[in-house]
Amino acid sequence: MQRLLPAFVGTPVLAFLVALFVPRKKERLLSGIVISIVSVYFIGLLAFLAGWMMDGSPVLNLKFLPLYTSENFEFILDFYFDYYTAVYLFVGGLITGIIVIFSKYYLHREEGFKRFFVTLLVFFTGYNLVVLSGNFETLFTGWEFVGIASFLLIAFYRDRYLPVKNALKVISIYRLGDICLVIAMWMSHHLWHENITFLKLNGNGSAVFLAQHPAEVFTIALLLLIGAATKSAQLPFTSWLPRAMEGPTSSSGIFYGSLSVSLGVFLLLRTYPLWENVLPVKIILIVIGAATAVVATLIARVQPTVKTQIAYASAAQLGLIFIEVALGWHVLALIHFAGNAFLRTYQLLVSPSVLGYLVHEQFFSFKPRASGKAPGKILQAFYVLSIKEWNLDRFLYRTFWKPFKFVGSRLVFLGSNSMGILLLLLFAFGAMIYVAQSDRFGLILPGKMQLYLPPAVALIGVLAVLCAFAERGSALRSWTLAVAGQFFAGLAIALNDRFEPLQVLLFVSGLLLAAVAGWVVLRRLQKLETDIRLNRFHGNAYEHPKLAAVFLLCCLGLLGFPITASFVGIDLFFTHIGHHQYGLLIPVSLVIAFVELTVLRMYVRLFLGQHKKTDHPIAYRSS
């Protein structure tokens, strides 16, 4: 039966490829194809589940499509099926079917009708990859697809200010979780000295490794917890969830009411054997879940909009599910997940119908309870805090992003021509050292230089990327600095350890092609529009949709997204960072994180938002 598992990923991929070639104006044909393929998927899933249960519900595992194998590393798509997978696939297939049928009518004659269905299929592919993943590499591949689909669907109304701004805000929180997963994968590789599969993890548990490496197991579990908390909108990351509701109601239902937001729970369930004996992690998980349940409930009860109420109510329920997972009540957690997913999807799909009534009730029938006594004042304080959503947005901005923006704004000198030449010379010098260390030339660096040179080169990459992140002037300068930061990070790892030529080719191939193509697109846009500064939204996707699509692909290629060989190459490069080389790991991780935020901000500023020309209609700030 395990040979059928790739079909659950291949079906949405097939639907995606077919939908790409359907003309935009053929709404009935497009929606009919998508609904038909999703229906076939769900019927096939029901038949598979029936056969699987009749066979005794065995755990299935299939290694499929090895992308790269070497003596110490194996990148392979690994599919794993158990009752966690069965529940998530069933709920996901049913809700996706409901959403595509609903969207056929809800988005009728919407300009982005085709764009919505294509992006939704990207999400569904990523969701299936995550749920069926048999190792961390497969899980992270699907995780990336889900993240970019979220970004695109939040910014679906791309001619409006708040949707595109909130899309960038959400992807920035997602990226924090992504980096935590990358570091957890790096640590697990050094802990097990292999690409550990979930089948082996379930067989061995963490008892042996916990006894031998307690600090490493605790750190991996904590990183996985942070990744799950960001995806499932747990404190202190809860505020991104209502901002994500700027997308269409149907995408809000499938993403932030049910499926995408529950993948953090799935990550905890899948990795539970790793941390089931780590009591501090369980305590942290319970505290986070309980705090989120209380705070999100208080916020939800005073919000004036339906979507915001549902968002915080969903986060509160996920907090309770986190507690259930920590306590080992996994069957209850799965039942709770399914019930919450169906309820929130239903509430969001009917929310446009009841929105007016509830807003009227909030504004015209609300009577505040004023009290001068201590209990009343405390209640009023909680009320004001909840109205302000406990200032979670401000906390995240000041804690995670403002310090980096401050540093980047002080590095504007790196964008000058002279500094650009200096960066090029430094990179060329580092590349010469790398070549000189090959077996042919046999250069051996002094011990201290070998120790400190890679972190120093990675630090140059961090400075370049932070300067690009804070750049508000030339988009070409920001792109160049982002590319420089990515290549400096790769050079730092190359100087740290020897590579096979194929590994270097895997890393460079996609990045170099994306860098050159992105530069060409920006030069073309500058020739057409003259102004491509990053100090405002330009909305060029309205007049140049093809350039917008190509530049988005260039951004994804530069990030090492799973559409180029560089995705495997970046993962390979991380394995060449030593077990205790945190001085190299941290700057390289910062580069990976801020390159994505930089190039996606460029895409948003140049191609999305209100159109800069006055002869086009001006959209409302919000959807």
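This text follows the structure it describes.
In short, a report on the structure. (Residues numbered from 1 in each chain as written. Predicted model: local features only at pLDDT ≥ 70, side-chain atom pairs only at ≥ 80, totals over all residues. Heavy atoms only, no water.)

## Some thoughts on the overall build of the chain
Summing up its helical and strand segments, the chain has 25 helices and two strands in all. Computed over the C-alpha atoms, the radius of gyration of the chain is 25 Å, within 12% of the 25 Å expected from 2.2 N^0.38 for a compact globule of 623 residues. For the C-alpha atoms alone, the extent of the chain along its principal axes is close to 80 × 65 × 60 Å. Buried positions account for 58% of the 623 residues belonging to the chain. Contacts spanning at least 24 positions in sequence make up 80% of the contacts within the chain whose residues lie at least 6 apart. Of the accessible surface of the chain, which amounts to about 26,400 Å², a share of 67% is contributed by carbon and sulfur atoms. With 49 positive and 30 negative side-chain charges, the chain shows a spacing of 12 Å between the two charge centroids. (Helix = DSSP H or I, 4+ residues; strand = E, 2+ residues; numbered from the N terminus. Rg over C-alpha atoms; globule rule 2.2 N^0.38 Å. Buried < 20%, exposed > 50% of the residue type's maximum accessible area, 1.4 Å probe, protein only. Contact = heavy atoms within 4.5 Å. Areas by Shrake-Rupley, 256 points an atom, 1.4 Å probe, with all protein chains shown as cover. Lys, Arg positive; Asp, Glu negative; His and termini not counted. Charge placed at Lys NZ, Arg CZ, Asp CG, Glu CD.)

## Notes on helix α9 (residues 214-231)
Over its 18 residues, α9 extends 26 Å from the first C-alpha to the last, a length consistent with the 26 Å expected when each residue adds 1.5 Å. For α9, the set of buried residues is E216, V217, I220, A221, L223, L224, L225, G227, A228, A229, T230 and K231. In the stretch just after α9, A233 is the one whose phi turns positive, near 60 degrees. (Expected span 1.5 Å × (residues − 1).)

## Quick notes on the packing of aromatic side chains
Applying the stated rule across the entire model yields 33 aromatic pairs. Aromatic side chains F123 and Y127 sit 6.0 Å apart centroid to centroid with 40 degrees between the ring planes, which places their arrangement in the tilted category. One end of the pair, F123, and the other, Y127, are both in helix α4 (residues 113-132), four residues apart, so they sit about a helical turn from each other. Judged on exposure class, the residue F123 and its partner Y127 are both buried. A ring pair is formed by W240 and Y256, whose centres lie 5.9 Å apart and whose planes are at 80 degrees; its orientation type is edge-to-face. Within this pair, whereas W240 is found in helix α10 (residues 240-243), its partner Y256 is found in the loop between α11 (249-255) and α12 (263-270), the two being separated by 16 residues in sequence. (Phe/Tyr/Trp six-rings, centres within 6.5 Å; stacked < 30°, edge-to-face > 60°.)

## Here's the deal with the packing of helix α1 (residues 5-20) against α4
Between α1 and α4, the least distance of the axes is 9 Å, while the angle of their chain directions is 165 degrees. With respect to their mutual orientation, α1 and α4 come out roughly antiparallel. For the pair α1 and α4, the crossing hand works out as left-handed. Packed against α1, whose contacting residues are L5, F8, V9, P12, V13, A15, F16, A19 and L20, the element α4 presents K114, V118, L121, V122, F124, T125, N128, L129 and L132 at the interface. Partitioned by chemical class, the residues of the contact of α1 with α4 number 15 nonpolar, two polar and one charged. (Axes fitted to C-alpha atoms, helices over the stretch in contact; angles between N-to-C directions. Parallel < 35°, antiparallel > 145°, perpendicular 65-115°, else oblique. Left-handed = near helix turned anticlockwise from the far one by under 90°. Nonpolar A, V, L, I, M, F, W, Y, C, P; charged D, E, K, R; others polar.)

## Section: the pattern of salt bridges
Under the counting rule described, the total for this entry stands at six salt bridges. Close ionic contact of R270 with D82 constitutes a salt bridge, the shortest N to O distance being 2.8 Å. With R270 in helix α12 and D82 in the loop between β2 (74-81) and α3 (83-106), this pair connects stretches of sequence that are 188 residues apart. D531 is paired through a salt bridge with R533; the nearest N and O atoms lie 3.0 Å apart. A residue is classified by how much of its surface remains accessible, and R533, at 45% relative accessible area, is partly exposed. One salt-bridge network, in which partners are shared between bridges, spans E144, R175, D178 and E596. (Salt bridge = Lys/Arg side-chain N within 4 Å of Asp/Glu carboxyl O.)

## What about the environment of L552?
Relative to the helices and strands, L552 is located in helix α23 (residues 545-559). The sequence separation of L552 and L600 amounts to 48 residues, and the corresponding C-alpha distance is 7.9 Å. Other than its neighbours up to four places away in sequence, L552 contacts L152, L600 and Y603.

## A look at helix α14 (residues 279-300)
Across its 22 residues, α14 extends 31 Å between first and last C-alpha, which sits within 8% of the 32 Å expected from 1.5 Å per residue. Every buried residue belonging to α14 is among V281, K282, L285, I288, G289, T292, A293, V295, A296, I299 and A300, and all of these are buried.

## Focus on a nonpolar patch on the surface
On the surface, V13, L17, L20 and F21 cluster together into a nonpolar patch covering about 390 Å² of accessible area. Mapped onto the elements, V13 comes out in helix α1. The exposure class of V13 is partly exposed, given its relative accessible area of 30%. (Patch = residues over 30% accessible without salt bridge, like charges linked within 9 Å, V, L, I, M, F, W, Y side chains within 5 Å.)

## Regarding the side chain of K231
The residue K231 is located in helix α9 in this model. Summary of buried charges: K231 has no salt-bridge partner, and the nearest side chain of opposite charge, D178, is 5.3 Å away. With near-sequence residues (within four places) excluded, K231 lies in contact with W143, V146, G147, Y174, W240, S260, V261, L263 and G264.

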